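These are the residues of each chain, in order.
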Amino acid sequence: MRIARFSIDGNVAFGAVEGDKPDELVLDIIKGIPFADFELSGTKVPLSKVRLLPPVLPNKVVAFGRNYAEHARELGNEVPDAPFAFFKPSTSVIGPGDEIRYPSFTEDLHHEAELAVVIGRMCREVPRERVADVIFGYTCANDVTARDVQKREKQWARAKGFDSSCPLGPWVETGLDLETASDLTVQLTVNGEQRQLGRTSEMIHPIEDLIVNITEAMTLLPGDVILTGTPAGVGPLTVGDEVAVTIEGIGTLTNKVVKRG
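So, here's what we can say about the structure. Note that this is a predicted model, so its numbers are computed, not measured.

Analysis parameters
- Residues numbered from 1 in each chain as written.
- Predicted model: local features only at pLDDT ≥ 70, side-chain atom pairs only at ≥ 80, totals over all residues.
- Heavy atoms only, no water.
- Pairing = 2+ DSSP bridges.
- Helix = DSSP H or I, 4+ residues; strand = E, 2+ residues; numbered from the N terminus.
- Axes fitted to C-alpha atoms, helices over the stretch in contact; angles between N-to-C directions.
- Buried < 20%, exposed > 50% of the residue type's maximum accessible area, 1.4 Å probe, protein only.
- Salt bridge = Lys/Arg side-chain N within 4 Å of Asp/Glu carboxyl O.
- Core = buried A, V, L, I, M, F, W, Y, C linked by side-chain atoms within 4.5 Å.
- Contact = heavy atoms within 4.5 Å.
- Phe/Tyr/Trp six-rings, centres within 6.5 Å; stacked < 30°, edge-to-face > 60°.
- Lys NZ or Arg CZ within 6 Å of the ring centre and 35° of its normal.

**Regarding the sheet that holds strand β20 (residues 251-259)**
Right, on to step 1. Across the sheet, which stays open at both edges, the five strands sit in the order β9-β20-β19-β15-β16 with mixed pairing between neighbours. The sheet is open, and its two edges are formed by β9 (99-102) and β16 (193-199), each paired on a single side. The average undirected angle you get between the axes of adjacent strands in this sheet is 20°.
Right, on to step 2. As paired elements, strand β19 (residues 242-247) and β20 share six bridges and run antiparallel to each other. Bridge pairing in β20 places Val-243 opposite Asn-255.

Right under this line is the structure:
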């Protein structure tokens, strides 16, 4: 099931996305919230009539860096022996169609296409064999990065945590099992030109290891998001660019880069 969060007539709701053709998609509005038992209302609205929002509002976004060997090498970094985590604040999250605002403090803004894992229940110290039980679903993400700031400041809070640096969407796909999610095509285009192409099977540390690693240290809450790393091919964005992340079996997340006001 594809679960979207949307706004219509000033109201915010969740809905199940139905249909196959992009111009015929409809939302069946959900009664309640998708992280608990819910029912479909039977009230349907065309996707074209709503504004899609970030599919979840995470308490925290836990991101893992250098989780694809070729990406680590393209930036001159060593491949880490263990998962390498950092955080993006909730204020960095935007949805499909929202604007990535080019910060005034950088001159080298980069795209990073990533598979995002959405957590479905409160959990900590999750054993590897139980990881699938805590996953709600998967969505597309773009870990937008101020590369020059990242290199200059050595730590990544400003470089990866600025407002609009974490596009998520267009919805959460709940129908993928862990085995399938571990071998999906991840690609990114800028103005229609392919920049990144990889597979989640190329991760150094698979999804199970990432969730085991972070839950050893902290509790994850329903709606929290895990970014699993980016394949090679990262590169610059400029004002006016349209950047699209497409992940097999999930969908396409598209955002435009604008000058920060």
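**Re the sheet that holds strand β10 (residues 109-111)**
The strands making up a sheet associate through backbone hydrogen bonding, with each pair oriented either parallel or antiparallel.
Right, on to step 1. Sheet architecture is open: three strands sit in the order β13-β10-β18, paired in antiparallel fashion. Two strands bound the open sheet, and with one partner strand each, they are β13 (145-146) and β18 (235-237).
Right, on to step 2. Both β10 and β13 contribute to a ladder of two bridges, which runs antiparallel. What sits directly across from His-110, in β13, is Thr-145.

**Here we look at helix α6 (residues 207-215)**
Right, on to step 1. Here α6 lies mainly inside the structure; seven of its nine residues are buried.
Right, on to step 2. Buried residues of α6: Ile-207, Glu-208, Leu-210, Ile-211, Val-212, Ile-214 and Thr-215, and no others.

**Considerations on unusual backbone geometry**
Right, on to step 1. Looking along the chain, the bond that leaves Gly-169 and enters Pro-170 is cis, with omega of 5°.
Right, on to step 2. With a phi close to 80°, Ser-164 is a non-glycine residue in the positive phi region.
Right, on to step 3. With respect to the helices, strands and loops of the structure, Ser-164 is situated in the loop between α4 (157-161) and β14 (166-173).

**Focus on the pattern of salt bridges**
Right, on to step 1. Counted under the stated rule, the structure contains 15 salt bridges.
Right, on to step 2. Among the ionic pairs, Asp-98 bridges to Arg-51, the shortest N-O distance being 3.0 Å. Of this pair, Asp-98 sits in the loop between β8 (93-94) and β9 while Arg-51 sits in strand β5 (residues 51-52), and the two are 47 residues apart along the sequence.
Right, on to step 3. Here Asp-98 falls in the buried class, since its relative accessible area comes to 15%.
Right, on to step 4. Judged by relative accessible area, which is 49%, Arg-51 ranks as partly exposed.
Right, on to step 5. Residues Arg-199 and Asp-183 are paired through a salt bridge, measuring 2.8 Å at the closest nitrogen-oxygen approach. With Arg-199 in strand β16 and Asp-183 in the loop between α5 (178-181) and β15 (185-190), this pair connects stretches of sequence that are 16 residues apart.
Right, on to step 6. With relative accessibility at 36%, the residue Asp-183 sits in the partly exposed group.
Right, on to step 7. Among the ionic contacts, a cluster of salt bridges with common partners joins Lys-88, Glu-112, Asp-143, Arg-147 and Lys-160.

**Things to note about the nonpolar core**
Right, on to step 1. Judged by nonpolar contacts, the single largest core of 45 residues is most densely connected at Ile-135, Tyr-138, Ile-207 and Ile-211.
Right, on to step 2. In terms of residues, this core owes the most to one element, α6, which gives five residues.
Right, on to step 3. When sequence neighbours within four positions are dropped, the list of residues in contact with Tyr-138 reads Leu-115, Ala-116, Val-117, Trp-171, Val-172, Glu-173, Leu-176, Asp-177, Leu-178, Ala-181, Ile-207 and Ile-250.
Right, on to step 4. Ranked by size, the runner-up nonpolar core spans 18 residues in total, among them Val-61, Ala-63, Val-93 and Trp-156.

**Regarding the pairing of strand β1 (residues 2-8)**
Right, on to step 1. Among the seven residues of β1, six are classified as buried, and the element is accordingly described as predominantly covered.
Right, on to step 2. Judged from the two bridges that link them, β1 and β14 form a sheet pairing that is antiparallel. Looking at β14, one finds that Ile-3 is bridged to Val-172.

**Looking at the packing of aromatic side chains**
Right, on to step 1. Enumeration over the complete set of coordinates arrives at four aromatic pairs.
Right, on to step 2. Ring plane angle 55° and centroid distance 4.9 Å describe the contact between Phe-35 and Phe-136, whose orientation is recorded as tilted. Taken together, the residues Phe-35 in the loop between β3 (26-31) and β4 (39-46) and Phe-136 in strand β12 (residues 135-142) connect sequence positions 101 residues apart.
Right, on to step 3. With a relative accessible area of 26%, Phe-35 lands in the partly exposed category.
Right, on to step 4. The class of Phe-136 is buried, set by a relative accessible area of 15%.
Right, on to step 5. For the pair Phe-86 and Trp-156, a centre-to-centre distance of 4.9 Å together with 70° between the ring planes defines the contact as edge-to-face. On the criterion of sequence distance, the pair formed by Phe-86 in strand β7 (residues 84-88) and Trp-156 in the loop between α3 (147-153) and α4 is long-range, its members being 70 residues apart.
Right, on to step 6. Of the residues examined, Trp-156 reaches a relative accessible area of 11% and is grouped as buried.
Right, on to step 7. A connected cluster of aromatic rings, assembled from ring pairs, spans Phe-84, Phe-86 and Trp-156.
Right, on to step 8. Here the guanidinium or amino end of Arg-2 rests over the ring plane of Trp-171, the centre of that ring lying 5.5 Å away.

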